[in-house]
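# Close look at the chain arrangement
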Amino acid sequence: NSSALVRTQRIGNAAHTYALSKVADRSNNFMRITYEQTPSIYEASGRTAELVPKAITYTGHGGQDGDREILFNYEGHGDILWGWRAGNIPLQRTRRLLNIEVRAQNKLVRRYELKYEPNVGAQGRIQSVQEAVTDAHCQSPQSTCKPVTTFDYYDEVGFQPGVDVESPQTFTTA
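These remarks concern the structure in this document. Bear in mind the structure is a predicted one, so any value in this text is a computation, not a measurement. (Residues numbered from 1 in each chain as written. Predicted model: local features only at pLDDT ≥ 70, side-chain atom pairs only at ≥ 80, totals over all residues. Heavy atoms only, no water.)

### Notes on the state of the cysteines
Within the structure shown, the criterion is met by 1 disulfide. A sulfur-sulfur separation of 2.3 Å characterises the disulfide bridge that pairs Cys138 with Cys145. Disulfide Cys138-Cys145: the torsion about the S-S bond is -105 degrees, which places it as left-handed. (Disulfide = S-S within 2.5 Å.)

Below you can see the structure in the form of structure tokens.
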């Protein structure tokens with residue numbers, strides 16, 4: 001599918017990303033993956049700079065898509081990471097995963113809600129995950145949710161910009 005192919009639009013419109021779009025077995029069962037392409041926010045060309053999975057549809061057979069799907073929902077965030085890949089290809093991270101929904105026959109089976117630590121680097125770190133089985137979010141009194149799973153991190157010292165690192169040691173064998 002075209003959402004899985006990203007073209008450079010500069011060097012003969014050559015493809016620079018081939019994302020997995022379909023997996024099938026020999027019995028013609030398959031799953032399909034679709035993506036969201038976000039154009040570069042720092043150049044006017046509109047070239048794709050961010051590619052994230054949008055949905056995985058599974059239990060497909062023959063020419064019929066399956067009725068089970070996993071949806072990935074994103075949010076914008078202030079900690080934008082951007083730059084360039086080899087070949088003058090834009091790269092950015094402007095969105096982060098908000099939740100993952102698992103659906104069967106278009107009905108919610110479960111949702112995983114992610115929360116992030118505030119102000120921790122350009123990418124942010126996941127602070128917690130909570131599983132919900134109702135359409136209401138876990139903060140709502142009408143929700144049915146499992147207890148929250150939290151994450152702790154150990155911040156190593158010495159890997160910040162501007163910190164000198166000792167010269168590498170060389171060893172010789174006799």
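Having seen the structure, we can now continue with the description.
### Thoughts on the side chain of Ser143
By the element assignment, Ser143 lies in the loop between strand E9 (126-132) and strand E10 (149-150). Owing to a relative accessible area of 18%, Ser143 belongs among the buried residues under this scheme. Only 2.7 Å separates the side chain of Ser143 from the backbone oxygen of Ser140, close enough to count as a polar contact. Discounting residues that sit within four places of it in the chain, Ser143 has contacts with Thr134, Ala136, His137 and Cys138. (Helix = DSSP H or I, 4+ residues; strand = E, 2+ residues; numbered from the N terminus. Buried < 20%, exposed > 50% of the residue type's maximum accessible area, 1.4 Å probe, protein only. Polar contact = N/O pair within 3.5 Å; in protein donor to acceptor, adjacent residues only side chain to side chain. Contact = heavy atoms within 4.5 Å.)

### Focus on the packing of aromatic side chains
Summed over all chains, the structure comprises 0 aromatic pairs. Above the plane of the ring of Phe30 lies Lys22, whose end atom (NZ or CZ) is 4.4 Å from the centre. (Phe/Tyr/Trp six-rings, centres within 6.5 Å; stacked < 30°, edge-to-face > 60°. Lys NZ or Arg CZ within 6 Å of the ring centre and 35° of its normal.)

### Observations regarding the environment of Val23
Within the secondary structure layout, Val23 lies in strand E3 (residues 22-24). Assessed through its relative accessible area of 35%, Val23 is described here as partly exposed. Taking the C-alpha atoms as reference, Val23 lies 9.4 Å from Tyr58; in sequence the two are 35 residues apart. Ignoring any residue separated from it by four or fewer positions in sequence, one finds Val23 in contact with Asn29, Phe30 and Met31.

### Observations regarding unusual backbone geometry
With a phi angle near 50 degrees, Gln105 is a residue other than glycine that sits in the positive phi range. Residue class for Gln105 comes out exposed when judged on its relative accessible area of 56%. Backbone geometry at Asn106 places phi at a positive 65 degrees, although glycine is not the residue there. With respect to the element layout, Asn106 can be found in the loop between strand E7 (89-104) and strand E8 (107-116). Residue Asn106 is classed as exposed on the basis of its relative accessible area, which comes to 60%.

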